[in-house]
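Summary of structural features
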Amino acid sequence: MLAMHPSSGIRRTNVIVRLEDDNVFKQYRNFPPVVMGQVLLRLRSPRALFGRHRCEVEEKKTRLVRESGLPLAVEYIYFLPEGTPPVTVMKYKPCFQNVEEQIRSGVSEERAYELVMRCAAALNEFHCAGRTSKGFTLTHGDPFLENFVLVDGKAVLFDFEQEYRDGSDAVRLDRLIFFWHAADVLRECGHLEPGRLDKLQDAITTGYNGFDETLSGIGALSRLYFRARFM
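Along each chain, numbering runs from 1 in the same order as the chain's sequence is written. Given that the model is predicted, a residue must reach a pLDDT of at least 70 before its local features are reported, and side-chain atom pairs must reach 80 or more before they are shown or counted; all residues, however, enter totals for whole chains, interfaces and linings. Values shown for side chains rest on all heavy atoms present in the structure; no hydrogens or waters enter the calculation.

1. Considering helix α1 (residues 33-40)
Residues spaced three or four apart along an α-helix point in a common direction, a consequence of the helix completing one turn every 3.6 residues. Three labels apply to residues, based on accessible area from a 1.4 Å probe with only protein chains included: buried if under 20% of the type maximum, exposed if over 50%, partly exposed otherwise in between. Counting from the N terminus, the helices are DSSP H or I runs at least four residues long and the strands are E runs at least two residues long. Along α1, the positions that sit buried rather than exposed are V35, Q38 and V39. One side of α1 holds all its buried residues, which, seen down the axis, span an arc of 105°. Every residue pair with non-hydrogen atoms within 4.5 Å of one another is taken to be in contact. In the core, the buried residues of α1 are packed alongside α7 (220-230). R42 sits one or two positions beyond α1 and adopts a positive phi of about 70°. This arc is taken over the directions from the axis of the helix to the C-beta atoms.

Put into structure tokens, the structure is as follows:
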């Protein structure tokens, strides 16, 4: 029996199909609306509009994550970028729930900030892992809270299909997406007052030393994206 995940909606990049045997099919859409806007703002290459390219990117990054010694939140069984549609077949771990879902489920304010701190530490580890083992920085491309899960109490990233057009800004863009999306989620859950970012800044810098969430130093179109999307 097939079960469609909420990520099959029009605002989502892909279609997720979950089977009764715990296997998960991720179908990569062509020209997803959310990616089209990011391409127009020059955050993504036009190639990101094509499902095959995003499938190939995820396959490559999954291999790099494994080689860097980082844990994976899901078991990737195989990739089929030349399929119609391109797909990845995965197996979710038991009780799979992403961090955004956990925060929105009604956890306490203290627990919400603890989860954000753990995710910040995971993002820091991700950025450092490539420099340590490969000589370059691994960047995620879409570090929203929905792309972190807890594995044995530790936050772990998944969903590696996106990459930025300008690699020189990639780490900063990862940080900005993470910070401002976390602020959005916490605000909507009643854990963050408008304009009061100090507690969020403290939680994130506890997990990620030297974290910078300011919009200075990125291009005008990138700043436009963040202001329109998160502010």
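Picking up where we left off.
2. Some details on the pairing of strand β6 (residues 148-151)
Sheet analysis places β6 next to strand β7 (residues 154-157), joined by four bridges and oriented antiparallel. The residue bridging L150 from the neighbouring strand is A155, located in β7. What sits between β6 and β7 in their antiparallel hairpin is a turn of two residues, with D152 showing a positive phi close to 55°. Here a strand pair is declared whenever DSSP counts at least two bridges between the two strands.

3. So, the pattern of salt bridges
The term salt bridge refers to a pairing of a side-chain nitrogen on Lys or Arg with a carboxyl oxygen on Asp or Glu at a separation within 4 Å. Evaluation of the coordinates by the stated rule reveals 18 salt bridges. Here E163 makes a salt bridge to K60, at a shortest N to O gap of 4.0 Å. Taken together, the positions of E163 in the loop between β7 and α5 (170-188) and K60 in helix α2 (residues 51-67) put the pair 103 residues apart, joining distant regions of the chain. Note that K154 is salt-bridged to E125, the shortest N-O span being 3.1 Å. Of the two residues, K154 is situated in strand β7 and E125 in helix α4 (residues 109-133); the sequence distance between them amounts to 29 residues. By relative accessible area, K154 is classed as partly exposed at 36%. Residues participating in the shared-partner salt-bridge network are K26, R54, E58, D159 and E161.

4. Details of the pairing of strand β4 (residues 74-80)
In this structure, β4 lies alongside strand β5 (residues 87-92), joined through six bridges in antiparallel fashion. In the strand pairing of β5, F79 is matched with T88. The hairpin turn running from β4 into β5, its antiparallel successor, is six residues long.

5. A few points about the confidence of the model for the chain
Detailed reading of the predicted coordinates is not advisable wherever pLDDT falls low. Confidence of the predictor at the level of single residues is captured by pLDDT, which takes values from 0 to 100. Across the chain, pLDDT averages 88, with 92% of residues at or above 70. Contacts for the low-pLDDT stretch residues 1-10, under 50 throughout, to residues beyond four places or in other chains number 25 contacts.

6. Points about empty space enclosed by the protein
Buriedness for pockets is judged along seven lines, at least five of which must meet protein on both sides within 12 Å for an open set on the 1 Å grid over protein atoms alone, while cavities are sets there where a 1.4 Å probe fits but cannot get out, and lining residues have an atom within 4 Å of a point. Grid points are joined across faces, edges and corners, and a volume is the space filled by probe spheres set on the points. Throughout the structure, instances matching the rule amount to three cavities of 30 Å³ or more. Taken as a whole, the largest cavity encloses approximately 90 Å³ of empty space. Surrounding the largest cavity, V65, L70, P71, A122, E125, F126, K154, A155, V156, L157 and F160 form its lining. Of all the elements, β7 adds the most residues to the lining of the largest cavity, at four residues. Here the lining of the largest cavity is built from residues that sort into nine nonpolar, no polar and two charged. Three categories are distinguished: nonpolar for Ala, Val, Leu, Ile, Met, Phe, Trp, Tyr, Cys and Pro, charged for Asp, Glu, Lys and Arg, and polar for the others, with Gly belonging to the last.

7. Overview of a nonpolar patch on the surface
Distance thresholds for patches are 9 Å for like charges and 5 Å for nonpolar side chains (Val, Leu, Ile, Met, Phe, Trp, Tyr), applied to residues having over 30% relative accessible area and no salt bridge. Computed by Shrake-Rupley with a 1.4 Å probe, the accessible areas treat only the displayed protein chains as cover when residues are assessed. A cluster of nonpolar residues, F31, M36 and F50, forms a patch on the protein surface that exposes about 290 Å² of accessible area. With respect to the helices and strands, the residue F31 is situated in the loop between β3 (23-28) and α1. Accessibility expressed as a relative area gives 42% for F31, which makes it partly exposed.

8. A closer look at the side chain of N23
Examined against the element boundaries, N23 turns out to sit in strand β3. Classification of N23 as buried rests on a relative accessible area of 15%. Any pair of N or O atoms that falls within 3.5 Å is considered a polar contact. Within protein, one atom must be able to donate a hydrogen and the other to accept it, and sequence-neighbouring residues count only if both atoms are side-chain atoms. A distance of 3.0 Å separates a polar atom in the side chain of N23 from a polar atom in the side chain of K91. Those residues in contact with N23 that sit more than four places away from it in its chain are V17, R18, I77, M90 and K91.

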